[in-house]
Structures are given as C-alpha cells and as structure tokens.
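Here are the chains, one letter per residue:
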Amino acid sequence: MLQQLRWSAGRVVSALITLLGVSILIFAAVRLMPGSYEDIILGPLASPEERAALAAAYGLDRPLVLQYFSWIGQIFSGDLGTSFVTQTPVAVELGARIPVTALLTVVALVITVAVGIPLGVWTGVRSGAKQGGAIGRVVSGLGISVPEFVLGSVVVFVFSRLALGIQVGGFSQVGAGFGPTVQALLLPAIVLSVFCVAASARTTRDAVMNVLVEPHIAAAVARGETPWHIVRHHVMRNAGIPILTLLATITAYLLGGAVIVETIFNIPGLGSFMVTGLDRRDFAVVQASVLFAATVFIVVSLVLDLITSALDPRVAVTGKAGS
Amino acid sequence: MTTYSLPLVRRKRGATTRRARDGLFIASVATLAVIVGIAVVAAVVPFAGDPAKIVGPRLSAPSGAALLGTDALGRSVLARLLEGIGTTLVLSAIAVLCTAVISVILGMVAGYLGGWTREGVMRFVDVLYSFPSIVLAILIAAVVGPGQIAALASIVLVTVPLMTRMVSAASMAVAKRDFVTTARISGVSGPVILFRHVLPNISGTIAVQGTYALSVGILVEGGLSFLGYGVQLPQSSLGLLIQEGSSYMVQAPWLLFSPAVVLVLAILAINLVGDTLRDRLDPRETRSLV
C-alpha cells in the first residue's frame with residue numbers, strides 16, 4: 001500500500017515535470033517562428049519607434065524568461081490571452097470549440113467500443129481453434145493503414161455525390177440542437193473510428209489470446225463453465241488493462257484535436273482552431289490550444305496509470321501489469 | 001453437459017498459421033520491393049517522362065497517351081506519381097534512420113545506466129509524446145518553414161519517443177543479464193558493453209520499431225503535405241498528390257486514386273512486415289499504435 005502511494009506520487013510528479021517541459025517547448029516554438037508580433041500587427045513599413053512602443057505594450061521587450069513566467073501566471077489566473085485576428089479572448093473561443101471536439105470524441109469512442117472490442121474478443125476467442133487467417137490480418141491491417149486524409153476525402157466525395165441522406169460537412173452553428181449536431185458529426189466520427197476500431201480490435205484480440213493460454217482458463221473449462229461465463233469472468237477481467245490503456249490513448253488522441261478530419265469536414269473544433277491559428281500566426285491561439293491538447297494527453301495518461309495501479313497492484317511494484 | 005466452442009489454446013502456434021503468415025510476409029515484402037523498384041528505376045531512367053512537362057489537356061482521363069491521366073496543369077500523373085513515391089520514401093527512410101540513431105543511443109544509455117539518466121531521458125521523450133503527432137509536425141513546420149526539412153524533422157520528432165521507450169525497456173532487460181554483469185566486473189568499459197553486448201541483443205526491437213516508425217513516417221509526411229506544410233510544389237510527394245487529388249475529386253477522381261492506393265499499400269505492407277518481424281524477433285508484446 002505504501003509502495004503504491006509512493007509510486008502514485010512519483011507518477012504525479014513526473015506528469016507535472018512533463019507538463020513543465022511541454023509549456024517551455026510550446027513557448028520556445030512560438031518565439032522561434034519566423035514573423036514577430038510587430039511584423040504581424042504593424043506590417044513591414046512600421047518605424048522602429050512604433051515597433052518599440054508595441055513591444056513595450058505587449059511586454060515583448062522583457063527578457064524571455066520573464067515573458068514565460070508571466071504567460072504561465074496568466075494561465076493560472078484564467079487569462080489565455082486575446083486573439084490578434086478576431087480580438088476575442090482565446091478562452092472564449094476555446095470554450096466554444098472544446099465541446100465540439102469532445103462530442104466528436106464521444107461519438108467516435110462509442111463506435112470504437114461498440115465495434116472494436118466485441119470484434120477483438122470474438123477473433124481472439126476464435127483464434128484458439130484456428131489462428132486468425134491472412135484475411136483477418138489484412139483487414140485489420142488495412143484499418144490501421146488507411147490514413148484519415150485518404151479515407152476522409154473519399155467519404156466526402158462518395159456521400160456528397162450519391163446524396164445518401166447523411167449530411168456532409170456544413171457543420172451547423174454550435175448550439176443548433178443536439179440531434180443535428182450529432183448527425184453532422186457522424187461521418188467524421190466514422191472516419192476517425194476506422195483506425196480506432198482496427199487498433200482496439202487488434203489489442204483486444206492479443207490481450208484475449210494472452211489470457212486464454214493461462215492455466216486458470218484451462219481449469220475453468222475443466223470445471224465445465226460455459227464459454228460466455230469464462231469470457232466474461234476470467235478473460236475480460238485479465239485482458240482489461242491493455243484494452244483500457246488503448247482506449248485512454250485513443251481518447252487522448254481524439255481530444256487532442258482531430259486536425260485532419262476537422263479540416264476535411266470543416267468542423268469548428270480544437271484541431272482546426274490550432275491550424276488556422278498557426279496559419280495566421282495568431283500566437284495566443286496557438287499557445288493556448290496546443291498547451292490544452294498536450295495537457296489533456298498528460299492528464300488522461302496520468303489518470304489511466306493511477307487507475308491501472310489501483311486495479312493491478314503489481315504495476316506499482318514492477319512497473320508493468322502482470323501476466 | 002454443455003458443448004464447448006471455447007477451445008483450449010496451446011502456446012505453440014499451428015503450422016497453418018505459420019504458412020499463412022509467411023505467405024503474407026512474402027507478399028508484403030514483394031509489394032514493397034515493387035514500389036521501391038519502380039521508384040528507383042524511374043529515378044534512373046525516366047520512362048514515364050518528365051514530371052514537369054505538360055503532356056496533354058488538363059484533367060484528362062487515363063488513356064494510352066497518359067496511363068494514369070493528367071493533372072490540373074496537364075502534367076502526366078504517372079510521372080508525378082513516380083517522383084512522389086521517390087520523395088516520400090527517401091524522406092521517410094532518411095528520417096527513420098535519424099530516429100534510429102537518436103533513439104538507440106538515448107534508449108540504450110537510459111536503459112543501461114538507469115536512475116536519473118533514465119528519468120531525464122524519459123521525461124524528455126514524454127514531452128514530445130504529449131503532443132498529438134500531427135500538431136507537433138505542424139508546429140515544427142511553422143518554425144522551420146514548410147518544406148522537405150520540415151517533413152524530415154517532423155517525422156524524426158514524432159517517431160523518436162516511442163522508439164526510445166522501446167529501446168530503453170529492451171536495454172534495461174538486457175542490462176540485468178549475467179553476461180553484462182560479468183563484462184562489467186571484468187572491467188569492460190561502458191561504451192564497449194553497450195555496443196558489443198547490449199546492442200546485438202536489442203537488434204530485434206530496433207528492427208521492429210524501425211519498421212513501425214517507417215510507416216508512421218510515411219503517414220506524417222502524407223498528413224503534413226496534405227495540410228500544405230510538407231513537400232511543396234513543383235515537387236511532388238504522395239501526400240501532396242493526394243491533397244491535389246482531393247481538390248479535383250469531382251472532375252478527376254483518378255488524381256486521388258493512384259497516389260492513395262500506393263500510399264495505403266506501402267503502409268499496409270510495412271505494417272505487416274513489422275508484425276511478422278515482431279512475432280519472430282521481439283517476443284515481448286511491444287506494439288506501435290501510433
């Protein structure tokens with residue numbers, strides 16, 4: 001127990017260090033980008049005096065270290081800065097876009113869990129009798145190998161050509177009601193979930209197969225337990241951790257902004273926010289949105305690790321799940 | 001008495017599977033060989049013509065004159081595709097080579113020395129790993145400016161974290177083994193132990209992770225060029241061709257078709273090769289999921 005507490009505390013500390021590193025890297029990247037604030041706001045013809053005045057107004061004449069700390073300080077006071085382009089507070093825009101990305105994540109995740117995991121369990125259990133054949137491997141491999149920008153483009157083309165009754169792009173105004181919003185997110189979520197379904201099916205299959213060779217499964221079969229009972233009580237409990245790990249990774253990956261899918265389908269989410277911010281050199285937007293995405297990833301992996309160690313105390317001792 | 005459909009599983013894999021896997025492995029290697037071979041031949045003998053030359057009317061369908069049709073400027077899609085395959089493969093291969101060198105050195109040192117060195121390397125790697133890969137790639141492209149260098153640097157920084165972790169874990173396991181202890185006691189220096197004793201024993205992990213990194217690299221180049229931050233016109237790459245294809249999809253679907261098929265085939269074949277290598281060389285469950 002003590003060991004587990006110590007392990008958890010260590011894990012939290014390392015997450016904080018990672019977060020610190022991430023914030024420094026983002027800050028550095030934004031400062032290193034060609035094109036300064038002065039160039040963007042005043043244009044190339046501004047006089048040196050004007051530039052100096054602007055730099056002073058934004059605090060850009062201070063040492064970088066001070067600028068970094070004042071940025072961090074502002075974040076803690078809830079101020080994410082103001083967009084140069086739209087002149088609205090970044091926090092407000094981020095607040096409007098996060099729900100969209102979150103909803104997209106939820107829809108994609110529901111599809112992944114509903115399709116990928118049963119598929120993985122089924123192929124994993126069946127593979128005992130006859131190992132997953134070449135066709136299964138090609139199909140699951142294909143799901144992982146088709147990039148979003150190919151699948152997305154094809155889906156947009158097919159659905160806009162054939163008018164199949166599902167709305168393509170043309171994302172309705174945020175707050176147009178739950179029904180239309182989910183409908184507009186359905187196709188992009190399907191495009192996103194193809195990779196996730198294939199990945200989760202593969203992981204689940206491997207996890208199930210790893211458990212099936214354990215002696216306690218043979219014992220359960222010998223006791224005359226039904227296959228369904230064995231799968232539910234003996235297999236899934238032990239196969240749970242790798243599956244949970246994968247789902248957490250997928251969640252973090254989706255919440256980080258499905259940049260390409262949001263671009264293809266014109267969805268006003270986090271991913272397209274980052275890309276347009278970068279295109280316009282809207283530094284406050286870039287800093288805040290990238291930091292948000294990375295923070296989500298770090299927090300999700302931290303929570304996952306803590307849950308895993310609670311479920312399987314061996315994690316805290318050996319650093320990895322048992323079996 | 002119930003009837004069972006849940007069979008007892010033996011650890012040993014059946015001979016049928018072996019054969020099916022081998023067949024798939026050979027097919028994947030053959031596919032890759034064909035793709036690479038065509039690109040190499042095209043680079044030496046431009047049999048499909050000059051990719052920059054205008055050969056026919058704009059957006060004409062595949063025909064005898066232009067086997068895969070022409071693009072929006074009337075250039076031969078086949079010639080540009082061959083150039084694009086070359087660019088994508090060379091970029092990804094160079095990037096993965098850089099990744100391998102960086103990750104092997106960082107990972108081996110971290111895994112062998114352990115302690116604070118390992119902590120430091122892992123935190124560094126975690127920082128990179130925390131960014132969604134395409135976001136990291138775009139950020140890098142914004143700093144160094146769009147182009148081939150941006151694509152290369154992005155692939156390296158996206159693939160380094162996972163490979164370093166895997167190499168470090170494998171090195172840590174090797175460093176605990178008796179022959180390493182023996183070497184250390186008999187006074188063999190650190191670098192010699194790493195290169196003579198640890199490296200040969202983690203070569204399986206390196207091969208597997210390198211293979212997966214290559215498929216991620218092709219994906220990152222594709223995504224970056226698709227968004228306009230990677231390889232720039234008038235050059236061509238698979239991602240760039242797919243981006244062009246998707247903007248003319250309604251008038252000329254063949255523009256998207258050929259680069260997309262080549263890209264998917266290449267990634268699929270590399271992943272399948274990686275799976276087979278992993279089964280053979282790297283028995284621990286280490287799977288890339290990027």
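Predicted, not measured: the structure shown is a model, and the values here were computed from it.

Criteria and thresholds
Residues numbered from 1 in each chain as written. Chains lettered and ligands numbered in written order. Predicted model: local features only at pLDDT ≥ 70, side-chain atom pairs only at ≥ 80, totals over all residues. Helix = DSSP H or I, 4+ residues; strand = E, 2+ residues; numbered from the N terminus. Buried ≥ 20, exposed ≤ 12 C-beta atoms within 10 Å, placed from the backbone. Contact = placed C-beta atoms within 7 Å. Core = buried A, V, L, I, M, F, W, Y, C linked by C-beta atoms within 7 Å. Expected span 1.5 Å × (residues − 1). Bend = angle between axes of the 7 residues up to and from the residue. Axes fitted to C-alpha atoms, helices over the stretch in contact; angles between N-to-C directions. Parallel < 35°, antiparallel > 145°, perpendicular 65-115°, else oblique. Nonpolar A, V, L, I, M, F, W, Y, C, P; charged D, E, K, R; others polar. Left-handed = near helix turned anticlockwise from the far one by under 90°.

*Asks:* Would you mind going over the overall build of chain A with me for this structure?
*Replies:* Summing up its helical and strand segments, chain A has 14 helices and zero strands in all. Walking chain A from its N terminus toward its C terminus, one meets helices and strands in the order α-α-α-α-α-α-α-α-α-α-α-α-α-α. Residues classed as buried in chain A amount to 41% of the 323 residues present. If you take every contact in chain A between residues at least 6 apart in sequence, the share linking residues at least 24 apart comes to 73%.

*Asks:* What should I look at first to understand the environment of Gly187 of chain B in this one?
*Replies:* Residue and element names in this part refer to chain B. Within the fold, Gly187 resides in the loop between helix 6 (178-185) and helix 7 (190-201). Residue class for Gly187 comes out exposed when judged on the 6 C-beta atoms lying within 10 Å of it. Distance in space between the C-alpha atoms of Gly187 and Leu214 is 38 Å, their sequence separation being 27 residues.

*Asks:* Teacher, can you tell me more about the nonpolar core here?
*Replies:* The biggest cluster of nonpolar side chains holds 165 residues, and the ones touching the most others in it are Val135 and Ile138 of chain B. With residues near it in sequence (within four places) discarded, Ile138 of chain B still touches Val275 and Leu278 of chain A together with Leu227 and Tyr229 of chain B.

*Asks:* Explain helix 5 (residues 148-175) of chain B here, please?
*Replies:* Think of an α-helix as turning once every 3.6 residues; residues three or four places apart then point the same way. Residue and element names in this part refer to chain B. Between its first and last C-alpha atoms helix 5 spans 38 Å; for 28 residues at 1.5 Å apiece the expected length is 40 Å, and the two agree. Along helix 5, the sharpest change in direction is near 40 degrees and occurs at Val160; proline Pro161 comes one to four residues later. Of all 28 residues that make up helix 5, 23 are buried, and the element is covered over most of its length.

*Asks:* Could you clarify how one ought to interpret the packing of helix 5 (residues 90-126) of chain A against helix 12 (residues 270-279) of chain A in this entry?
*Replies:* A packed helix pair is summarised by two numbers, namely the angle formed by the two axes and the spacing between the axes. Residue and element names in this part refer to chain A. Relative orientation of the contacting elements helix 5 and helix 12 amounts to 135 degrees, with a least axis distance of 8 Å. When the interaxial angle is binned, helix 5 and helix 12 end up oblique. Only Leu270, Gly271 and Phe273 of helix 12 make contact with helix 5, whose side of the interface consists of Glu93, Arg97, Ile98 and Thr101. Taken together, the residues that form the contact of helix 5 with helix 12 break down as three nonpolar, two polar and two charged.

*Asks:* Just checking my understanding: could you explain unusual backbone geometry for this structure?
*Replies:* Glycine aside, a negative phi is what most residues show, and trans is what most peptide bonds show. Phi angles above zero are rare outside glycine, and Asn266 of chain A is one such case at about 55 degrees. Tracing the backbone through its elements, the reader meets Asn266 of chain A in the loop between helix 11 (259-264) and helix 12.

*Asks:* Can you help me understand the packing of helix 5 of chain A against helix 10 (residues 227-255) of chain A in this one?
*Replies:* Residue and element names in this part refer to chain A. Direction vectors running N to C along helix 5 and helix 10 enclose 145 degrees, while the axes themselves pass 11 Å from each other. In this structure, helix 5 meets helix 10 at a crossing whose hand is right-handed. Along its contact with helix 5, which presents Thr101, Ala102, Thr105, Ala108, Leu109, Thr112, Ile117, Val121 and Val125, the element helix 10 presents Val231, Ile243, Ile250, Thr251, Leu254 and Leu255. Looking at side-chain class alone, the contact of helix 5 with helix 10 contains eleven nonpolar, four polar and no charged residues.

This is a description of form; function is not addressed.
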